[in-house]
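A structural walkthrough
The residues making up each chain are set out below.
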Amino acid sequence: AVEVLVGRFRGSMVGALMGDCMGAPFEAEPRAARSVLNSYFKRLSSPDIKVPYKAYTDDTAMTRCVALSLIQEKGYNAEDMAKRFVKEFYAEPRRGYGSNVVDVFAALRISKFEDVYSPASRQFGGSGSYGNGGAMRVAPVALFYHPASDQKVASVAKDMALITHGNRLGYNGAVLQCLAIREALRTPTNQLDVVKFIQSLKEMMKKVETLGEDEILEKGQIEFEYTGRLSRLASLMERGDQVSIDVVEEELGNDISAHRSVPTAIYSFLRASNSIPNIEAETAFMRTIHYAISLGGDTDTIASMAGSIAGAFYGIAEIPESLQRHCEGLAEAIQQADQLHSLATNTHPPP
Ligand code: F2R
Ligand code: MG
Ligand code: MG
């Protein structure tokens, strides 16, 4: 059982990395046809091909910071995490960061990390960012806090997102993505029940989205945005292969906002648990990555989030080594997964 769980931790971290590295060349580009993606993966899988690795982007740069901070601090420490984000950004600013989050890094640095949540709360005239940057980096939280309660996991995911994303759509997107990885991690591989999986997330999000005393709804926002999108997701799943990419884009979205990308990543994982017409993939994990990229838009992030859910469910054994070898930072992702596993389950149970 321990080996299975280690494989799932590795699967989630490597899955997130692979979605980012494989999806990045298609981000914000015209949608790639399934036939083009079949050739892309086939070419990369060939043992003869020795292309340079596929570089990771901001998604992985920030995920690594979250993992290293949890490992070093043996739990969530907001100041340490914020310092790591800032240090990482100024060391390698050209990893394709969101255009506004960089202002948060600058303000954190100028303020000498006095109040790490303050700069994000001032973004967008005080409404905060609803970008998917909090959600895209949340996998290590789901892994490290895997033995903790739903409430504890949700609260750390929210706080971790709040360092850069003050809008409730931004941080609640991180909470949903975290809960989806957690749900995948604890579902036996031969027992995926799509209806139950979605229902369980809906029940948890209903509680998460119930308006807190310190929260206000902005003009145009609804209280149960994610719960509602999970209902739409469930309807799409009922329609199986009848659902076109245009319908997914319209109903769930494929852009850089959290509410129009996190449900899409979850849908990609669930839809790809069965075969999909014209997608040739070695494993269901690879079908997830392929399908997520085929949706277009924010391909690196949607594939990364879908990959971290799928990897937590299928485990690393379902991620072909012929493709893993192309990802920059593979060894670090595996090492961090092992350290998170060891901390989560043995020596240092999460507080
Ligand atoms: N930045 C990108 N992709 C842009 C295309 C890159 C291209 N490949 C290239 O080569 O140039 N990707 C990365 O950014 C996303 C995560 O962004 P994050 O961290 O959430 O950033 P930010 O700046 O906070 O938000 C992103 C944008 O969302 C809009 N937005 C957010 N909140 C808003 C609000 N309250 N009101 C209005 N707009 C809001 C803004 O346009 C922000 O700039 C990932 O895709 C990652 O891969
Ligand atoms: Mg990116
Ligand atoms: Mg992206």
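Analysis parameters
- Residues numbered from 1 in each chain as written.
- Chains lettered and ligands numbered in written order.
- Predicted model: local features only at pLDDT ≥ 70, side-chain atom pairs only at ≥ 80, totals over all residues.
- Heavy atoms only, no water.
- Donors = N, O, S within 2.8 Å, 3.2 Å for Na, K, Ca; no water.
- Buried < 20%, exposed > 50% of the residue type's maximum accessible area, 1.4 Å probe, protein only.
- Helix = DSSP H or I, 4+ residues; strand = E, 2+ residues; numbered from the N terminus.
- Core = buried A, V, L, I, M, F, W, Y, C linked by side-chain atoms within 4.5 Å.
- Contact = heavy atoms within 4.5 Å.
- Polar contact = N/O pair within 3.5 Å; in protein donor to acceptor, adjacent residues only side chain to side chain.
- Salt bridge = Lys/Arg side-chain N within 4 Å of Asp/Glu carboxyl O.

Quick notes on the coordination of the magnesium ion (ligand 2)
For the magnesium ion (ligand 2), the protein coordination sphere consists of T57 (OG1), D58 (OD), D59 (OD) and D300 (OD), at 2.1 to 2.3 Å. The sequence motif formed by the donor residues of the magnesium ion (ligand 2) is T-D-D-x240-D. A separation of 3.7 Å is found between the magnesium ion (ligand 2) and the magnesium ion (ligand 3), both of which receive a donor from D300. There is no split in this pair, since D58 and D59 are both buried.

Brief notes about the environment of E73
Looking at the element boundaries, E73 is found in helix α3 (residues 58–73). Of the residues examined, E73 reaches a relative accessible area of 34% and is grouped as partly exposed. Separated by 67 residues in sequence, E73 and V6 have C-alpha atoms that sit 21 Å apart.

Regarding the nonpolar core
M22, V141 and I266 are the most contacted members of the largest nonpolar core, which totals 118 residues. Here this core takes eleven residues from helix α9 (residues 168–186), the largest share from any one element. Not counting residues up to four positions away in its chain, the partners in contact with M22 are Y40, F41, L44, K54, I289, I293, L323, H326 and C327.

What to know about the side chain of S261
Here S261 shows up in the loop between α12 (245–251) and α13 (262–271). Within the structure, S261 has its side chain in polar contact with the backbone oxygen of S257 (distance 2.8 Å). In contact with S261, other than residues within four places in its own chain, are N132, L252, D255, I302 and M305.

Details of the pattern of salt bridges
As enumerated under the stated definition, the model contains 14 salt bridges in all. With a shortest N-O distance of 3.3 Å, D241 and R271 are connected by a salt bridge. In this pair, D241 is assigned in the loop between α11 (225–238) and α12 and R271 in helix α13, connecting sequence segments 30 residues apart. The class of D241 is partly exposed, set by a relative accessible area of 44%.

Remember, this is a structural readout, not a statement about activity or role.
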